[in-house]
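# Tertiary structure, described
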Amino acid sequence: MADYHQLRSRIDNGEVVILDGAIGTELQAMGVPMDPASWCGPGNYTHPATVRQMHERYIRAGADIITTNTFNTLRPALEASGYGELVREINVRAVDAALEARERAAGDRQVYVAGSISCRIPVRDRRTGTLLGGTGYGYGASLSAEELRNYVDEQADIMAESGVDFFLMENMWADNESRVIATEAAMATGLPVWVAFTASLAPDGETVRLSLGDDRYYSSRMGMPMFTSSWRSVDYDMTLADGIDEIVALRPDVVGVFHSRLDETTAALQVVLDRWSGPIVIYPDAGREDYLEVWQDSAVTNENSAKELNQEAATWVDMGAQVIGTCCGFGVEYIKSLSGALPDRVSSPRKVA
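Cut-offs applied
- Residues numbered from 1 in each chain as written.
- Predicted model: local features only at pLDDT ≥ 70, side-chain atom pairs only at ≥ 80, totals over all residues.
- Heavy atoms only, no water.
- Disulfide = S-S within 2.5 Å.
- Buried < 20%, exposed > 50% of the residue type's maximum accessible area, 1.4 Å probe, protein only.
- Phe/Tyr/Trp six-rings, centres within 6.5 Å; stacked < 30°, edge-to-face > 60°.
- Helix = DSSP H or I, 4+ residues; strand = E, 2+ residues; numbered from the N terminus.
- Pairing = 2+ DSSP bridges.
- Expected span 1.5 Å × (residues − 1).
- Contact = heavy atoms within 4.5 Å.

Taken as a whole and judged by the stated rule, the model has 0 disulfides. Among the cysteines around Cys327, which has no disulfide bond, Cys328 carries the closest sulfur, lying 4.0 Å off. You can call Cys327 buried: its relative accessible area is 9%. Relative accessible area serves as the criterion here: at 7%, Cys328 is assigned to the buried category.

So this is what it looks like as structure tokens:
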């Protein structure tokens, strides 16, 4: 049975570790319908065997870490999708699918289960209190800090009880307060916590900020605004460096960059290197804009090839990143290629100061 201390020992000893790839878009490609408010989360209840099989594919492709399908399974997201009575069931099934996949596919290999937590919250109608949906538009700042903390406490406790090895915080965009709230909630379980940031280059071409690029416009098909006056105050101009400084103060185990394009990931990695002495996780996305669609159009291809990803990933390892995976759009075949292309070790593993 895998143990987190073994994973940390592997990292401390300089081993390059392979994280899995896209979860939502991979399930979408496998025929699991995406929900407008909770995206791939309900699949744990409606398509549990497919979720398990997705994890098995990643393990067989070479992943050392698999990530639970819980990116969007906080209570408010599931409530907006009509699954409010199944919050525990959906989160437990997500962890069970990963654990069962490990049992079925890992063999003698050590494979670890990361519990994904994000604060992608549907917008709440300030007149009625109703959660309105719009998974591309509602984030943690649409709720009070106390409300958000209660929801993340609930999810983190369920997943810790269900058997995840550690938590992977995948909060998006510039709401660093939500990232801090969620990280503290996960840490309260006593399990190790990794924290990833989405980043992009500002118009000046140099500043790395906490957001997706200006050219990314995802439609929720719900007619919801991205921001409302009732949200908590958010510093949308916060730089990645500032965000990292706030998280590093909490003493996570690993810090990194996710859901960012290849070139912007490289720029963001340099910021992480400058602000954080410990291990780094990197998992970029393919820049797809159809991942919120109910069904995936197989005719739409990624802009980047596996070869291009491998080349960038080799650069990241040379720079000091030790855990490498992928995000939306980069699926099993990319991980299979990546796992065979990277060196087994780095000469100077990074340590938490």
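This part is about the packing of aromatic side chains. Here the structure, examined in full by the defined rule, presents 6 aromatic pairs. Taken together, a centroid distance of 5.8 Å and an interplanar angle of 80 degrees make the contact between Trp39 and Phe71 edge-to-face. Note that Trp39 is positioned in the loop between helix 2 (24-29) and helix 3 (43-46) and Phe71 in the loop between strand 2 (65-67) and helix 5 (75-80), a separation of 32 residues in sequence. Judged by relative accessible area, which is 9%, Phe71 ranks as buried. Ring centres 4.7 Å apart and planes at 55 degrees place the aromatic pair Phe330 and Tyr334 in the tilted group. Accessibility expressed as a relative area gives 14% for Tyr334, which makes it buried. Each member of the aromatic cluster is reached from another via a ring pair, and the members are Tyr4, Phe166 and Trp194.

Backbone-to-backbone hydrogen bonds pair the strands of a sheet. The strands run either parallel or antiparallel. Across the sheet, which stays open at both edges, the 8 strands sit in the order 1-10-9-8-5-4-3-2 with parallel pairing between neighbours. Edge positions in the open sheet fall to strand 1 (17-18) and strand 2, since each of these has one partner strand only.

This brings us to helix 10 (residues 262-275). A rise of 1.5 Å per residue sets the reference length of helix 10, with its 14 residues, at 20 Å; its end C-alpha atoms lie 20 Å apart and thus fit the reference within 8%. Taken together, the buried positions of helix 10 are Leu262, Glu264, Thr265, Ala268, Leu269, Val271, Val272 and Leu273. The secondary structure elements touched by the buried residues of helix 10 are strand 6 (200-201), strand 7 (208-209), helix 9 (240-248), strand 8 (254-258), strand 9 (280-283) and helix 11 (306-319).

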